[in-house]
Amino acid sequence: MTDRKYASSFTFNSGVKLNNRFVMAPMTTKMSFFDGVITKDEISYYHLRSKEAGAIITAAANVSEGGKGWEGELGICDDKHLQGLSELASAIQTNGTKAIVQLYHGGRMTSSSVLRGTKPVAPSAVKAERPTAEEPRELEEKEIYQIIEDFKAGAVRAIQAGFDGIELHGANTYLLQQFFSPHSNRREDQWGGSLEERFRFADLLVDEVIETVNKHTDRPFVIGYRFSPEEYETPGIRFEDTLYLVDKLADKAIDYLHVSLGKYDQLSQNEEYQNQSMLAYLHEKINGRTAFISVGDIRTGQDAEKALENSDLTALGRVLLADPHWVSKVLKDKEETIRYDVTDEEREELFLTNGVWQFMQNMMKDRIK
Ligand SMILES: Cc1cc2nc3c(=O)[nH]c(=O)nc-3n(C[C@H](O)[C@H](O)[C@H](O)COP(=O)(O)O)c2cc1C
């Protein structure tokens, strides 16, 4: 139905235009080779899902060798990745779909096994609260600056490979979030301490990435930032910390902020923010300064319209794994034909190889009907 907000086009501050308000959420596929070079199957997986959503955000791609989070991860930390990344960007850019690559460093959320004997690094030597977590090594200051350089080099490779933009992965407990979190960041130098000091890494990183992108391309190029609004650990990121983060970032020359939520209408854990969903509070705080992307268990066109009441664009994850044509079915009012369950027999045609399949099973349990 054309009177629906989700069917309308959208233009980012940079000038990059999307054909509709749907974005494929970044989803790790674990399909790359051991060294981060993309496989043909992974390219086919994305190609099958192009032509539909306005943009596709790729799986997290590691910008530093030491930031690799798991086997089969996409790499953007070396020039050897460029050839495959260009093929990936072209495969996504069918019929005007825009290609955005997610730039990431795992920080303490990796293991010395994935890093082939090297200890994971993090703002402080504090283990994550999960059973298999390893104690990371605290980053030296020069290594912090090197990681910022790695993100910048990743942005340059994204430009060279022909992507339409990058998303800085500041969500889901990885390194960027680890700097902002009082759980993982106990530093007493300029990178830790107060809220303002814990924000310093993201602050500098975003400024430097913007400058690098402006230096390396004249074409419109999207810069986005993803964040998680709350942590469960104590100490941990609380909703008011996130309102501060979002307020600061919205003033920068970025194209969007992208929240990471399990459910788009989720309430905060904080008793002072119960009048509306976190999405609504965040939307108010951003107040049109930059675009805002919602996410979280959107299964129907109606869910998308509700999420778009408090956002400009909405991201779709698991529904696009199960049905690569979910967007066109919704746009053409054929929702009754959407596939929500995938059988073992259907996996091959959907390019859901073992890595993504296992990850998806863990996340799909009792969430998709
Ligand atoms: C298989 C899988 C892999 C994911 N990998 C990433 C990732 O690499 N980066 C990221 O920011 N979020 C990742 N996510 C989270 C999704 O982007 C999204 O926020 C989440 O799935 C909720 O959206 P949904 O309910 O539409 O699936 C992943 C989710 C799934 C299911």
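To keep things clear, this report deals only with the structure shown in the data block.

Conventions and cut-offs
- Residues numbered from 1 in each chain as written.
- Predicted model: local features only at pLDDT ≥ 70, side-chain atom pairs only at ≥ 80, totals over all residues.
- Heavy atoms only, no water.
- Helix = DSSP H or I, 4+ residues; strand = E, 2+ residues; numbered from the N terminus.
- Rg over C-alpha atoms; globule rule 2.2 N^0.38 Å.
- Buried < 20%, exposed > 50% of the residue type's maximum accessible area, 1.4 Å probe, protein only.
- Pairing = 2+ DSSP bridges.
- 1 Å grid on protein atoms, 1.4 Å probe; cavity = no way out; pocket = protein on both sides within 12 Å on 5 of 7 lines; lining within 4 Å.
- Points joined across faces, edges and corners; volume = space filled by probe spheres on them.
- Nonpolar A, V, L, I, M, F, W, Y, C, P; charged D, E, K, R; others polar.
- Near = heavy atom within 4 Å.
- Polar contact = N/O pair within 3.5 Å; in protein donor to acceptor, adjacent residues only side chain to side chain.
- Areas by Shrake-Rupley, 256 points an atom, 1.4 Å probe, with all protein chains shown as cover.
- Contact = heavy atoms within 4.5 Å.
- Core = buried A, V, L, I, M, F, W, Y, C linked by side-chain atoms within 4.5 Å.

**Some remarks on the overall build of the protein**
So, step 1. A count of helical and extended segments in the protein gives twelve helices and 13 strands.
So, step 2. Relative to the compact-globule value of 21 Å for 369 residues, the protein shows a C-alpha radius of gyration of 19 Å, a close match.
So, step 3. In terms of principal-axis extent, the alpha carbons of the protein reach across some 55 × 45 × 45 Å.
So, step 4. Counting every position in the protein, which comprises 369 residues, the buried fraction comes to 60%.

**Observations concerning the pairing of strand β6 (residues 98–104)**
So, step 1. In terms of residue burial, β6 counts as a mostly covered element, since six of its seven residues are buried.
So, step 2. Sheet analysis places strand β4 (residues 55–62) next to β6, joined by six bridges and oriented parallel. Within β6, the residue paired with Ala61 across the bridge is Leu103.
So, step 3. With four bridges joining them, β6 and strand β9 (residues 165–170) adopt parallel strand pairing. Note on β9: the bridge partner recorded for Val101 is Ile166.

**Thoughts on the layout of surface pockets**
So, step 1. Of the volumes computed, that of the second largest pocket is approximately 200 Å³.
So, step 2. If you go around the second largest pocket, you meet 14 residues; those closest to its centre are Phe34, Asp35, Gly36, Glu65 and Lys68.
So, step 3. Split by residue class, the lining of the second largest pocket holds four nonpolar, four polar and six charged.

**Some remarks on the site of the ligand**
So, step 1. Around the ligand, the surrounding shell holds 17 residues, and the nearest of these are Pro26, Thr28, Arg226, Asp297 and Arg318.
So, step 2. The backbone of Pro26 places a nitrogen or oxygen atom 2.7 Å from an oxygen atom of the ligand.
So, step 3. For the ligand, an oxygen atom lies 2.7 Å from a polar atom in the side chain of Thr28.
So, step 4. Bound to the protein, the ligand loses 96% of the 610 Å² it would expose on its own.

**Quick notes on the side chain of Asn185**
So, step 1. Positionally, Asn185 belongs in the loop between α4 (175–180) and α5 (195–198).
So, step 2. Judged by relative accessible area, Asn185 falls into the buried class, the value being 3%.
So, step 3. Of the polar contacts made by the side chain of Asn185, one reaches the backbone oxygen of Phe179; its length is 2.7 Å.
So, step 4. Those residues within four positions of Asn185 in sequence are excluded, and the remaining contacts are Pro123, Ser124, Gln178, Phe179, Trp191, Gly192 and Arg198.

**Side note on the nonpolar core**
So, step 1. Core analysis: the largest hydrophobic core is formed by 112 residues, its most contacted members being Ile166, Leu168, Phe201, Tyr225, Leu257 and Trp326.
So, step 2. If sequence neighbours within four positions are ignored, Trp326 has contacts with Phe22, Glu52, Ile298, Arg299, Thr300, Gly301, Leu316, Val319, Leu320, Ile338 and Tyr340.
So, step 3. Membership of the second largest hydrophobic core comes to seven residues, among which are Trp70, Ala128, Ala133 and Tyr174.

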